[in-house]
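Geometric and topological summary
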Amino acid sequence: MSFVFTVRFFLFLLTTSFPLTTGISLYEKVQLLESNYADIKEVLECKVLNLETKVTALEAKIAALEEKSEQQESLLTTLQNEQENTTPMVPDSVEIDHQIAKNNPIFRTCYEINEANPLLDSGMYWIDPDGKGIGDDAITVYCNMTSGSTLIFHDTEPKTDVGHCAGRGCYSRKINYGASSRQIAALIALSEECQQSITYDCISAPLQFNGVDFSWWDDKNGEPQYFWSGNNKSMHTCQCGIDRNCVESHITCNCDSIFQKSLTDSGIITDKNILPIMRLNFGRTMENSSSGLYTLGPLECGGKLETKQLPSSCEDLWRIGHVFSGFYSVKGEKFVETVHCDFSRRPDQQKFQTWIGYSDVKSLPTYFFVQKNASFNRTKTPIPFEIEQLNTGKAMDLSSGKFTAPRMGTYFFTFTGVVNFPTTPATSRVALSIGLYSNGKRIALGYVEKGNNVVQFSPVTLQSTLMLHSGDQIWLQITAMSPGVYLFDSNYYYTHFTGWLLEEEIFSR
(Lines give C-alpha, C1' and ligand atoms only; values in the text may rest on other atoms or scores of the structure.)
Protein backbone atom coordinates (compact mmCIF):
# COMPACT_ATOMS: atom_id res chain seq x y z
CA MET A 1 0.00 0.00 0.00
CA SER A 2 1.49 3.39 -1.00
CA PHE A 3 2.29 6.22 1.48
CA VAL A 4 -0.06 8.76 -0.28
CA PHE A 5 -2.97 6.31 -0.10
CA THR A 6 -2.30 5.70 3.60
CA VAL A 7 -2.33 9.47 4.46
CA ARG A 8 -5.51 10.07 2.43
CA PHE A 9 -7.21 7.11 4.13
CA PHE A 10 -6.15 8.46 7.55
CA LEU A 11 -7.55 11.94 6.81
CA PHE A 12 -10.78 10.39 5.50
CA LEU A 13 -11.30 8.57 8.76
CA LEU A 14 -10.45 11.69 10.67
CA THR A 15 -13.07 13.85 8.93
CA THR A 16 -15.87 11.28 8.68
CA SER A 17 -15.64 9.64 12.06
CA PHE A 18 -15.22 12.84 14.12
CA PRO A 19 -17.07 15.96 12.82
CA LEU A 20 -15.51 19.31 13.77
CA THR A 21 -18.62 20.32 15.79
CA THR A 22 -17.85 17.67 18.43
CA GLY A 23 -15.28 19.91 20.10
CA ILE A 24 -12.73 17.13 20.28
CA SER A 25 -9.18 18.18 19.65
CA LEU A 26 -7.15 16.77 16.83
CA TYR A 27 -4.87 14.98 19.24
CA GLU A 28 -7.84 13.30 20.93
CA LYS A 29 -9.20 12.30 17.56
CA VAL A 30 -5.91 10.67 16.69
CA GLN A 31 -5.88 8.80 19.97
CA LEU A 32 -9.42 7.46 19.43
CA LEU A 33 -8.61 6.52 15.85
CA GLU A 34 -5.56 4.54 16.93
CA SER A 35 -7.70 2.70 19.51
CA ASN A 36 -10.35 1.81 16.91
CA TYR A 37 -7.64 0.70 14.45
CA ALA A 38 -6.18 -1.69 17.01
CA ASP A 39 -9.62 -3.21 17.62
CA ILE A 40 -10.29 -3.60 13.90
CA LYS A 41 -6.86 -5.13 13.37
CA GLU A 42 -7.45 -7.71 16.12
CA VAL A 43 -10.84 -8.70 14.61
CA LEU A 44 -9.36 -9.02 11.15
CA GLU A 45 -6.42 -11.08 12.40
CA CYS A 46 -8.91 -13.44 14.14
CA LYS A 47 -10.90 -13.86 10.96
CA VAL A 48 -7.76 -14.51 8.94
CA LEU A 49 -6.69 -17.16 11.46
CA ASN A 50 -10.11 -18.85 11.19
CA LEU A 51 -9.85 -18.82 7.42
CA GLU A 52 -6.37 -20.34 7.55
CA THR A 53 -7.65 -23.11 9.87
CA LYS A 54 -10.50 -23.90 7.49
CA VAL A 55 -8.11 -23.95 4.53
CA THR A 56 -5.84 -26.36 6.39
CA ALA A 57 -8.81 -28.64 7.18
CA LEU A 58 -9.92 -28.55 3.55
CA GLU A 59 -6.41 -29.37 2.40
CA ALA A 60 -6.35 -32.38 4.80
CA LYS A 61 -9.68 -33.61 3.44
CA ILE A 62 -8.46 -33.23 -0.12
CA ALA A 63 -5.31 -35.18 0.73
CA ALA A 64 -7.40 -37.93 2.36
CA LEU A 65 -9.65 -38.12 -0.68
CA GLU A 66 -6.66 -38.29 -2.99
CA GLU A 67 -5.13 -41.07 -0.87
CA LYS A 68 -8.43 -42.99 -0.90
CA SER A 69 -8.65 -42.50 -4.65
CA GLU A 70 -5.13 -43.86 -5.06
CA GLN A 71 -6.05 -46.88 -2.90
CA GLN A 72 -9.13 -47.54 -5.02
CA GLU A 73 -7.07 -47.26 -8.21
CA SER A 74 -4.45 -49.59 -6.71
CA LEU A 75 -7.14 -52.13 -5.76
CA LEU A 76 -8.67 -51.92 -9.23
CA THR A 77 -5.27 -52.52 -10.79
CA THR A 78 -4.73 -55.49 -8.48
CA LEU A 79 -8.04 -57.07 -9.45
CA GLN A 80 -7.42 -56.43 -13.16
CA ASN A 81 -4.02 -58.10 -12.92
CA GLU A 82 -5.21 -60.98 -10.74
CA GLN A 83 -4.93 -63.59 -13.46
CA GLU A 84 -1.40 -62.44 -14.33
CA ASN A 85 -0.55 -62.41 -10.62
CA THR A 86 1.68 -59.42 -11.06
CA THR A 87 0.42 -57.71 -7.90
CA PRO A 88 -0.12 -59.99 -4.90
CA MET A 89 -3.09 -59.11 -2.71
CA VAL A 90 -1.65 -58.81 0.79
CA PRO A 91 -2.18 -56.55 3.80
CA ASP A 92 0.05 -53.46 4.06
CA SER A 93 1.72 -54.98 7.11
CA VAL A 94 3.14 -57.90 5.11
CA GLU A 95 6.44 -57.29 3.38
CA ILE A 96 7.24 -59.12 0.16
CA ASP A 97 10.69 -60.52 -0.50
CA HIS A 98 10.42 -60.96 -4.26
CA GLN A 99 13.86 -62.51 -4.52
CA ILE A 100 12.98 -65.36 -2.15
CA ALA A 101 9.56 -65.70 -3.77
CA LYS A 102 10.90 -66.06 -7.29
CA ASN A 103 13.44 -68.64 -6.23
CA ASN A 104 10.71 -71.13 -5.25
CA PRO A 105 8.40 -71.53 -8.28
CA ILE A 106 8.13 -75.32 -8.32
CA PHE A 107 6.37 -76.10 -5.06
CA ARG A 108 2.63 -76.46 -4.84
CA THR A 109 2.08 -75.49 -1.20
CA CYS A 110 3.94 -73.78 1.64
CA TYR A 111 3.94 -77.16 3.38
CA GLU A 112 6.06 -78.58 0.55
CA ILE A 113 8.41 -75.58 0.72
CA ASN A 114 8.78 -76.09 4.46
CA GLU A 115 9.45 -79.81 3.95
CA ALA A 116 12.15 -79.01 1.40
CA ASN A 117 13.84 -76.35 3.54
CA PRO A 118 12.68 -76.04 7.19
CA LEU A 119 15.14 -73.17 7.76
CA LEU A 120 13.25 -70.67 5.59
CA ASP A 121 11.55 -67.72 7.31
CA SER A 122 7.87 -66.93 7.06
CA GLY A 123 7.01 -64.55 4.24
CA MET A 124 5.74 -64.27 0.69
CA TYR A 125 6.53 -67.11 -1.74
CA TRP A 126 5.51 -68.23 -5.21
CA ILE A 127 3.62 -71.53 -5.37
CA ASP A 128 1.75 -73.35 -8.15
CA PRO A 129 -0.95 -75.58 -6.59
CA ASP A 130 -2.45 -76.85 -9.86
CA GLY A 131 0.95 -78.01 -11.14
CA LYS A 132 4.00 -76.44 -12.69
CA GLY A 133 3.60 -75.71 -16.38
CA ILE A 134 -0.14 -76.47 -16.56
CA GLY A 135 -3.33 -74.65 -15.69
CA ASP A 136 -3.12 -71.15 -14.21
CA ASP A 137 0.02 -69.18 -13.50
CA ALA A 138 1.82 -69.45 -10.18
CA ILE A 139 0.49 -67.30 -7.32
CA THR A 140 2.07 -65.34 -4.50
CA VAL A 141 1.01 -66.39 -1.00
CA TYR A 142 2.11 -65.89 2.57
CA CYS A 143 3.85 -68.93 4.06
CA ASN A 144 3.76 -69.44 7.82
CA MET A 145 6.88 -71.55 8.17
CA THR A 146 6.15 -72.27 11.84
CA SER A 147 3.07 -74.28 10.93
CA GLY A 148 3.78 -74.84 7.23
CA SER A 149 0.41 -73.31 6.34
CA THR A 150 -0.47 -71.33 3.21
CA LEU A 151 -2.40 -68.04 3.46
CA ILE A 152 -4.27 -66.49 0.52
CA PHE A 153 -5.33 -62.90 1.21
CA HIS A 154 -8.31 -61.00 -0.17
CA ASP A 155 -9.50 -57.41 -0.66
CA THR A 156 -11.48 -57.19 2.60
CA GLU A 157 -8.81 -57.70 5.26
CA PRO A 158 -9.43 -54.57 7.42
CA LYS A 159 -12.37 -54.28 9.80
CA THR A 160 -15.36 -53.15 7.73
CA ASP A 161 -18.51 -51.27 8.77
CA VAL A 162 -21.76 -52.63 7.30
CA GLY A 163 -23.56 -49.30 7.78
CA HIS A 164 -27.28 -48.94 8.50
CA CYS A 165 -29.99 -50.87 6.65
CA ALA A 166 -33.07 -52.90 7.58
CA GLY A 167 -33.58 -55.88 5.27
CA ARG A 168 -32.12 -59.40 5.11
CA GLY A 169 -28.63 -59.19 3.66
CA CYS A 170 -29.15 -55.53 2.75
CA TYR A 171 -25.39 -55.12 3.05
CA SER A 172 -23.55 -57.47 0.68
CA ARG A 173 -19.87 -57.63 -0.20
CA LYS A 174 -18.19 -59.93 -2.73
CA ILE A 175 -14.78 -61.22 -1.59
CA ASN A 176 -11.99 -61.17 -4.17
CA TYR A 177 -8.95 -63.34 -3.49
CA GLY A 178 -5.37 -62.98 -4.64
CA ALA A 179 -5.56 -66.26 -6.56
CA SER A 180 -7.74 -67.81 -9.24
CA SER A 181 -10.53 -70.20 -8.30
CA ARG A 182 -8.59 -73.06 -9.93
CA GLN A 183 -5.50 -72.42 -7.82
CA ILE A 184 -7.56 -72.10 -4.65
CA ALA A 185 -9.39 -75.35 -5.39
CA ALA A 186 -6.06 -77.08 -6.05
CA LEU A 187 -4.55 -75.82 -2.78
CA ILE A 188 -7.59 -77.03 -0.81
CA ALA A 189 -7.44 -80.46 -2.49
CA LEU A 190 -3.75 -80.82 -1.63
CA SER A 191 -4.13 -79.73 1.99
CA GLU A 192 -5.15 -81.84 4.94
CA GLU A 193 -7.17 -78.99 6.45
CA CYS A 194 -8.30 -75.46 5.57
CA GLN A 195 -9.96 -72.78 7.64
CA GLN A 196 -11.07 -69.15 7.60
CA SER A 197 -11.78 -66.89 10.57
CA ILE A 198 -14.52 -64.29 10.87
CA THR A 199 -15.36 -61.80 13.63
CA TYR A 200 -18.48 -59.63 13.95
CA ASP A 201 -18.55 -56.71 16.42
CA CYS A 202 -22.13 -55.64 16.98
CA ILE A 203 -24.54 -53.41 18.86
CA SER A 204 -28.22 -54.24 18.30
CA ALA A 205 -27.35 -55.97 15.04
CA PRO A 206 -28.60 -59.58 15.32
CA LEU A 207 -27.46 -62.21 12.86
CA GLN A 208 -30.79 -63.95 13.43
CA PHE A 209 -33.98 -62.41 14.83
CA ASN A 210 -37.19 -64.27 15.65
CA GLY A 211 -35.98 -67.28 13.65
CA VAL A 212 -35.23 -65.18 10.55
CA ASP A 213 -31.63 -65.06 9.32
CA PHE A 214 -30.66 -61.50 8.50
CA SER A 215 -26.99 -62.34 7.92
CA TRP A 216 -25.16 -65.19 6.18
CA TRP A 217 -22.15 -65.94 4.01
CA ASP A 218 -21.90 -67.60 0.59
CA ASP A 219 -19.63 -70.61 0.17
CA LYS A 220 -17.46 -71.42 -2.87
CA ASN A 221 -20.52 -72.77 -4.71
CA GLY A 222 -22.60 -69.67 -3.98
CA GLU A 223 -24.74 -71.52 -1.43
CA PRO A 224 -25.83 -69.56 1.69
CA GLN A 225 -24.40 -70.72 5.02
CA TYR A 226 -25.71 -69.62 8.41
CA PHE A 227 -23.12 -71.07 10.77
CA TRP A 228 -20.28 -68.79 11.87
CA SER A 229 -17.87 -71.32 13.38
CA GLY A 230 -16.97 -75.00 13.05
CA ASN A 231 -18.37 -77.18 10.27
CA ASN A 232 -21.98 -77.91 11.22
CA LYS A 233 -23.96 -76.65 8.24
CA SER A 234 -27.29 -77.75 9.68
CA MET A 235 -27.70 -75.00 12.29
CA HIS A 236 -27.24 -71.30 12.94
CA THR A 237 -24.44 -71.03 15.47
CA CYS A 238 -21.35 -69.09 16.50
CA GLN A 239 -18.40 -70.18 18.63
CA CYS A 240 -20.16 -69.18 21.85
CA GLY A 241 -23.03 -71.48 20.83
CA ILE A 242 -20.58 -74.36 20.39
CA ASP A 243 -18.93 -73.57 23.72
CA ARG A 244 -22.33 -72.85 25.36
CA ASN A 245 -21.18 -69.58 26.88
CA CYS A 246 -23.19 -66.95 24.97
CA VAL A 247 -24.38 -63.89 26.91
CA GLU A 248 -27.86 -65.43 26.99
CA SER A 249 -28.32 -69.17 27.49
CA HIS A 250 -31.10 -69.57 24.91
CA ILE A 251 -29.15 -68.07 21.96
CA THR A 252 -26.30 -69.48 19.88
CA CYS A 253 -24.66 -66.18 18.89
CA ASN A 254 -23.85 -63.22 21.14
CA CYS A 255 -25.05 -60.70 18.57
CA ASP A 256 -28.54 -62.25 18.66
CA SER A 257 -28.92 -60.92 22.21
CA ILE A 258 -31.52 -58.26 23.07
CA PHE A 259 -28.93 -56.42 25.17
CA GLN A 260 -28.12 -53.05 23.63
CA LYS A 261 -24.41 -53.15 24.29
CA SER A 262 -21.21 -53.88 22.44
CA LEU A 263 -20.86 -57.65 21.76
CA THR A 264 -18.66 -59.85 19.61
CA ASP A 265 -19.04 -63.15 17.77
CA SER A 266 -15.91 -64.78 16.43
CA GLY A 267 -15.30 -68.20 14.94
CA ILE A 268 -13.31 -70.29 12.50
CA ILE A 269 -14.97 -72.08 9.57
CA THR A 270 -13.26 -75.49 9.22
CA ASP A 271 -15.24 -77.25 6.46
CA LYS A 272 -12.70 -77.09 3.65
CA ASN A 273 -15.16 -78.58 1.17
CA ILE A 274 -17.14 -75.31 1.05
CA LEU A 275 -14.35 -72.77 1.57
CA PRO A 276 -13.43 -70.08 0.79
CA ILE A 277 -16.05 -67.53 1.82
CA MET A 278 -17.06 -65.77 -1.41
CA ARG A 279 -19.58 -63.18 -0.16
CA LEU A 280 -20.69 -61.68 3.17
CA ASN A 281 -24.26 -60.52 3.78
CA PHE A 282 -25.49 -58.57 6.82
CA GLY A 283 -28.76 -56.88 7.76
CA ARG A 284 -31.04 -55.42 10.46
CA THR A 285 -28.79 -52.53 11.44
CA MET A 286 -31.38 -49.81 10.83
CA GLU A 287 -31.45 -48.15 14.26
CA ASN A 288 -29.20 -45.17 14.96
CA SER A 289 -27.72 -47.07 17.90
CA SER A 290 -27.05 -50.18 15.78
CA SER A 291 -23.62 -51.00 14.45
CA GLY A 292 -21.95 -53.94 12.80
CA LEU A 293 -18.29 -54.36 11.88
CA TYR A 294 -16.83 -57.58 10.45
CA THR A 295 -13.27 -58.84 10.05
CA LEU A 296 -12.68 -61.70 7.62
CA GLY A 297 -9.38 -63.53 7.83
CA PRO A 298 -7.42 -65.00 4.90
CA LEU A 299 -7.97 -68.53 3.61
CA GLU A 300 -5.45 -70.69 5.49
CA CYS A 301 -4.60 -74.26 4.46
CA GLY A 302 -2.09 -76.59 6.09
CA GLY A 303 -0.83 -80.14 6.15
CA LYS A 304 -0.62 -82.57 3.26
CA LEU A 305 -3.32 -84.99 2.18
CA GLU A 306 -1.31 -88.18 1.85
CA THR A 307 -1.91 -91.00 -0.61
CA LYS A 308 -0.76 -93.86 1.61
CA GLN A 309 -1.51 -96.78 -0.73
CA LEU A 310 -1.02 -97.20 -4.45
CA PRO A 311 -2.93 -94.50 -6.35
CA SER A 312 -6.48 -95.45 -7.21
CA SER A 313 -7.46 -92.44 -9.33
CA CYS A 314 -6.14 -89.55 -11.38
CA GLU A 315 -6.73 -87.32 -8.36
CA ASP A 316 -4.35 -89.48 -6.32
CA LEU A 317 -1.76 -89.21 -9.11
CA TRP A 318 -2.23 -85.43 -9.27
CA ARG A 319 -1.92 -85.17 -5.50
CA ILE A 320 1.36 -87.11 -5.66
CA GLY A 321 2.67 -84.63 -8.23
CA HIS A 322 1.91 -85.94 -11.74
CA VAL A 323 1.24 -83.12 -14.21
CA PHE A 324 1.54 -84.73 -17.65
CA SER A 325 -1.75 -85.85 -19.17
CA GLY A 326 -1.87 -89.42 -20.49
CA PHE A 327 -2.64 -93.05 -19.68
CA TYR A 328 -1.93 -94.39 -16.21
CA SER A 329 -2.41 -97.67 -14.35
CA VAL A 330 -4.24 -97.30 -11.03
CA LYS A 331 -5.51 -99.60 -8.32
CA GLY A 332 -9.04 -100.78 -9.04
CA GLU A 333 -11.48 -102.66 -6.85
CA LYS A 334 -10.07 -106.03 -7.83
CA PHE A 335 -7.68 -105.40 -10.71
CA VAL A 336 -5.21 -102.88 -11.96
CA GLU A 337 -7.16 -100.51 -14.22
CA THR A 338 -6.12 -98.15 -16.99
CA VAL A 339 -7.36 -94.56 -16.93
CA HIS A 340 -6.67 -91.45 -18.95
CA CYS A 341 -5.84 -88.39 -16.84
CA ASP A 342 -6.31 -84.87 -18.24
CA PHE A 343 -4.29 -82.77 -15.81
CA SER A 344 -5.19 -79.56 -17.63
CA ARG A 345 -8.55 -79.88 -15.87
CA ARG A 346 -9.36 -79.69 -12.16
CA PRO A 347 -10.13 -82.91 -10.28
CA ASP A 348 -13.76 -81.80 -9.88
CA GLN A 349 -14.24 -81.19 -13.61
CA GLN A 350 -15.68 -83.62 -16.12
CA LYS A 351 -13.21 -85.68 -18.20
CA PHE A 352 -10.46 -85.12 -15.66
CA GLN A 353 -10.43 -88.95 -15.47
CA THR A 354 -11.62 -91.33 -18.19
CA TRP A 355 -11.78 -95.04 -17.43
CA ILE A 356 -10.25 -97.17 -20.20
CA GLY A 357 -10.29 -100.77 -18.92
CA TYR A 358 -8.39 -103.44 -17.05
CA SER A 359 -4.68 -104.12 -17.25
CA ASP A 360 -3.47 -107.73 -17.27
CA VAL A 361 -0.84 -107.18 -14.60
CA LYS A 362 0.69 -110.38 -13.22
CA SER A 363 3.65 -111.29 -11.13
CA LEU A 364 5.26 -114.72 -11.62
CA PRO A 365 2.63 -117.42 -12.32
CA THR A 366 2.17 -120.24 -9.79
CA TYR A 367 0.94 -123.76 -10.58
CA PHE A 368 2.08 -127.35 -10.08
CA PHE A 369 1.28 -130.96 -10.99
CA VAL A 370 3.07 -133.70 -9.01
CA GLN A 371 2.67 -137.47 -8.78
CA LYS A 372 3.68 -140.52 -6.79
CA ASN A 373 5.32 -143.66 -8.16
CA ALA A 374 5.26 -145.66 -4.93
CA SER A 375 2.66 -146.74 -2.38
CA PHE A 376 2.25 -144.90 0.95
CA ASN A 377 0.77 -146.10 4.28
CA ARG A 378 1.75 -143.68 7.02
CA THR A 379 -0.87 -141.63 8.90
CA LYS A 380 -0.62 -138.11 10.22
CA THR A 381 2.36 -137.36 7.98
CA PRO A 382 2.40 -135.07 4.90
CA ILE A 383 2.31 -137.21 1.77
CA PRO A 384 5.50 -136.73 -0.28
CA PHE A 385 5.65 -136.89 -4.06
CA GLU A 386 8.33 -138.21 -6.36
CA ILE A 387 7.44 -136.99 -9.85
CA GLU A 388 7.33 -133.31 -10.85
CA GLN A 389 5.41 -132.74 -14.05
CA LEU A 390 4.99 -129.00 -13.51
CA ASN A 391 6.14 -126.69 -10.72
CA THR A 392 6.08 -123.16 -12.07
CA GLY A 393 7.06 -120.76 -9.35
CA LYS A 394 8.68 -123.61 -7.35
CA ALA A 395 6.13 -123.24 -4.57
CA MET A 396 5.64 -127.02 -4.21
CA ASP A 397 8.27 -128.94 -2.23
CA LEU A 398 7.99 -132.60 -3.32
CA SER A 399 10.09 -134.14 -0.57
CA SER A 400 8.08 -132.55 2.25
CA GLY A 401 4.81 -132.66 0.32
CA LYS A 402 4.09 -129.04 1.29
CA PHE A 403 2.98 -126.16 -0.93
CA THR A 404 3.87 -122.63 0.30
CA ALA A 405 1.77 -119.78 -1.08
CA PRO A 406 4.14 -117.18 -2.58
CA ARG A 407 1.52 -114.41 -2.67
CA MET A 408 -1.85 -113.54 -1.29
CA GLY A 409 -4.68 -114.73 -3.49
CA THR A 410 -7.24 -117.40 -4.35
CA TYR A 411 -5.86 -120.91 -5.02
CA PHE A 412 -7.44 -124.14 -6.28
CA PHE A 413 -6.25 -127.64 -5.28
CA THR A 414 -7.34 -131.10 -6.43
CA PHE A 415 -6.16 -134.59 -5.40
CA THR A 416 -6.83 -138.06 -6.80
CA GLY A 417 -5.47 -141.36 -5.47
CA VAL A 418 -6.14 -145.10 -5.52
CA VAL A 419 -6.69 -147.06 -2.28
CA ASN A 420 -5.87 -150.76 -2.07
CA PHE A 421 -8.21 -152.80 0.14
CA PRO A 422 -7.13 -156.35 1.16
CA THR A 423 -9.30 -159.48 1.43
CA THR A 424 -11.51 -159.26 4.50
CA PRO A 425 -14.45 -161.17 5.94
CA ALA A 426 -17.68 -160.35 4.18
CA THR A 427 -19.15 -158.78 7.28
CA SER A 428 -16.23 -156.44 8.04
CA ARG A 429 -15.79 -152.88 6.71
CA VAL A 430 -12.44 -151.18 6.09
CA ALA A 431 -11.72 -147.53 5.09
CA LEU A 432 -9.16 -144.81 4.41
CA SER A 433 -9.52 -141.03 4.65
CA ILE A 434 -7.21 -138.30 3.38
CA GLY A 435 -7.31 -134.72 4.61
CA LEU A 436 -6.20 -131.43 3.05
CA TYR A 437 -4.43 -129.27 5.61
CA SER A 438 -3.72 -125.54 5.73
CA ASN A 439 -1.13 -124.50 8.32
CA GLY A 440 -1.91 -127.62 10.36
CA LYS A 441 -5.70 -127.27 10.23
CA ARG A 442 -7.76 -129.76 8.27
CA ILE A 443 -10.02 -127.99 5.82
CA ALA A 444 -11.17 -130.83 3.49
CA LEU A 445 -11.56 -134.62 3.68
CA GLY A 446 -11.71 -137.44 1.12
CA TYR A 447 -13.12 -140.84 2.28
CA VAL A 448 -13.52 -144.31 0.77
CA GLU A 449 -14.51 -147.73 2.28
CA LYS A 450 -15.14 -151.39 1.32
CA GLY A 451 -17.71 -153.82 2.68
CA ASN A 452 -17.12 -157.10 0.78
CA ASN A 453 -14.50 -159.87 1.06
CA VAL A 454 -12.57 -159.40 -2.20
CA VAL A 455 -9.46 -157.38 -3.05
CA GLN A 456 -10.53 -153.94 -4.25
CA PHE A 457 -8.93 -150.78 -5.68
CA SER A 458 -11.06 -147.68 -5.03
CA PRO A 459 -10.42 -144.04 -5.98
CA VAL A 460 -10.35 -141.27 -3.35
CA THR A 461 -10.62 -137.61 -4.37
CA LEU A 462 -10.96 -134.15 -2.91
CA GLN A 463 -11.00 -130.58 -4.19
CA SER A 464 -10.86 -127.16 -2.52
CA THR A 465 -10.68 -123.46 -3.37
CA LEU A 466 -8.86 -121.44 -0.72
CA MET A 467 -7.97 -117.84 0.05
CA LEU A 468 -4.33 -117.90 1.16
CA HIS A 469 -1.89 -115.34 2.48
CA SER A 470 1.74 -115.27 1.53
CA GLY A 471 3.57 -117.99 3.47
CA ASP A 472 0.54 -120.20 4.14
CA GLN A 473 1.29 -123.92 3.71
CA ILE A 474 -0.91 -126.65 2.20
CA TRP A 475 -0.41 -130.44 2.35
CA LEU A 476 -2.19 -133.81 2.26
CA GLN A 477 -2.02 -136.55 4.87
CA ILE A 478 -3.81 -139.81 5.69
CA THR A 479 -5.99 -139.07 8.70
CA ALA A 480 -7.29 -142.63 9.30
CA MET A 481 -6.58 -146.06 7.77
CA SER A 482 -7.81 -149.58 8.54
CA PRO A 483 -5.22 -152.40 8.91
CA GLY A 484 -3.93 -153.66 5.56
CA VAL A 485 -5.24 -150.59 3.68
CA TYR A 486 -2.79 -148.26 1.92
CA LEU A 487 -2.47 -145.61 -0.80
CA PHE A 488 -1.45 -147.59 -3.84
CA ASP A 489 0.86 -146.44 -6.63
CA SER A 490 3.37 -147.71 -9.19
CA ASN A 491 4.90 -146.51 -12.41
CA TYR A 492 1.37 -145.86 -13.66
CA TYR A 493 1.09 -142.73 -11.44
CA TYR A 494 -2.35 -143.23 -9.97
CA THR A 495 -1.80 -140.61 -7.25
CA HIS A 496 -1.44 -136.98 -8.26
CA PHE A 497 -1.82 -133.56 -6.66
CA THR A 498 -2.49 -130.34 -8.61
CA GLY A 499 -2.81 -126.70 -7.59
CA TRP A 500 -2.64 -123.21 -9.08
CA LEU A 501 -3.16 -119.54 -8.31
CA LEU A 502 -6.59 -118.55 -9.64
CA GLU A 503 -6.52 -114.84 -8.82
CA GLU A 504 -3.82 -112.86 -7.13
CA GLU A 505 -4.85 -110.29 -4.55
CA ILE A 506 -2.60 -107.57 -5.86
CA PHE A 507 -3.37 -105.08 -3.08
CA SER A 508 -3.44 -106.14 0.53
CA ARG A 509 -6.18 -104.32 2.39
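Residues numbered from 1 in each chain as written. Predicted model: local features only at pLDDT ≥ 70, side-chain atom pairs only at ≥ 80, totals over all residues. Heavy atoms only, no water.

The protein is annotated in an unreviewed UniProt entry as C1q domain-containing protein from Daphnia sinensis. Taken from UniProt, the Subcellular location (unreviewed entry) comment for the protein reads in full: "Secreted". (UniProt positions renumbered as here; feature names shortened; annotations may be inferred.)

Notes on the overall build of the protein
Counting secondary structure elements, the protein contains seven helices and 28 strands. The 509 residues of the protein split such that 42% are buried. In the structure as shown, the protein presents an accessible area of about 28,100 Å², 54% of it carried by carbon and sulfur atoms. (Helix = DSSP H or I, 4+ residues; strand = E, 2+ residues; numbered from the N terminus. Buried < 20%, exposed > 50% of the residue type's maximum accessible area, 1.4 Å probe, protein only. Areas by Shrake-Rupley, 256 points an atom, 1.4 Å probe, with all protein chains shown as cover.)

Quick word on the side chain of arginine 108
Mapped onto the elements, arginine 108 comes out in the loop between helix H3 (98-102) and helix H4 (110-116). Note on arginine 108: relative accessible area 8%, which makes it buried. Engagement of the side chain of arginine 108 in a polar contact is seen with the backbone oxygen of arginine 319, the distance being 2.6 Å. Filtering out sequence-adjacent residues up to four positions away, arginine 108 remains in contact with Ile127, Asp128, Pro129, Leu190, Trp318, Arg319, Ile320 and Gly321. (Polar contact = N/O pair within 3.5 Å; in protein donor to acceptor, adjacent residues only side chain to side chain. Contact = heavy atoms within 4.5 Å.)

With respect to a nonpolar patch on the surface
Side chains of Tyr367, Leu390, Trp500 and Leu502 sit close together on the surface and give an oily, nonpolar patch of about 360 Å² of accessible area. Mapped onto the elements of the fold, tryptophan 500 is located in strand S28 (residues 496-504). (Patch = residues over 30% accessible without salt bridge, like charges linked within 9 Å, V, L, I, M, F, W, Y side chains within 5 Å. Salt bridge = Lys/Arg side-chain N within 4 Å of Asp/Glu carboxyl O.)

Describing unusual backbone geometry
Residue proline 276 is bonded to the preceding leucine 275 through a cis peptide linkage, with omega at 5 degrees. Looking at the secondary structure, you find proline 276 in the loop between strand S11 (263-269) and strand S12 (279-282). A positive phi angle, close to 65 degrees, is found at lysine 351, a residue other than glycine. Locating lysine 351 in the fold gives a position in the loop between strand S16 (336-341) and strand S17 (353-358). What makes lysine 351 exposed here is its relative accessible area of 61%.

Here's the deal with the packing of aromatic side chains
Counted under the stated rule, the structure contains 22 aromatic pairs. Ring centres of tryptophan 228 and phenylalanine 282 lie 5.8 Å apart, and the angle between their planes is 25 degrees; this geometry places the pair in the stacked category. Linking tryptophan 228 in the loop between strand S10 (224-225) and helix H6 (239-243) with phenylalanine 282 in strand S12, this pair joins segments that are 54 residues apart in sequence. Judged by its relative accessible area of 6%, tryptophan 228 falls in the buried class. Take phenylalanine 282: its relative accessible area is 1%, and that puts it in the buried class. The interplanar angle of 5 degrees and the centroid separation of 6.2 Å between the aromatic rings of tyrosine 437 and tryptophan 475 together place this pair among those described as stacked. One end of the pair, tyrosine 437, is in strand S23 (residues 430-438); the other, tryptophan 475, is in strand S26 (residues 473-481), with 38 residues separating them in the sequence. In this structure tryptophan 475 comes out as buried when scored by relative accessible area, which is 9%. (Phe/Tyr/Trp six-rings, centres within 6.5 Å; stacked < 30°, edge-to-face > 60°.)

Digging into the sheet that holds S26
Across the sheet, which stays open at both edges, the five strands sit in the order S20-S21-S26-S23-S24 with antiparallel pairing between neighbours. Every interior strand has two partners, whereas the edge strands, strand S20 (396-397) and strand S24 (441-450), have only one. Here S23 pairs with S24 via nine bridges, running antiparallel. Considered in S24, the bridge of serine 433 is made with tyrosine 447. (Pairing = 2+ DSSP bridges.)

Some points on the sheet that holds strand S9 (residues 216-218)
Ordered in space as S5-S12-S9-S10, the four strands form an open sheet in which the pairing is antiparallel. In this open sheet, the two edge strands, each paired with only one partner strand, are strand S5 (171-174) and S10.

Some details on the pattern of salt bridges
Per the counting criterion, the structure on display carries eleven salt bridges. Here glutamate 449 makes a salt bridge to arginine 429, at a shortest N to O gap of 2.4 Å. Residue glutamate 449 is located in strand S24, and its partner arginine 429 is located in the loop between strand S22 (409-421) and S23; the two are separated by 20 residues in the primary sequence. Exposure remark for glutamate 449: the relative accessible area of 33% places this residue in the partly exposed category.

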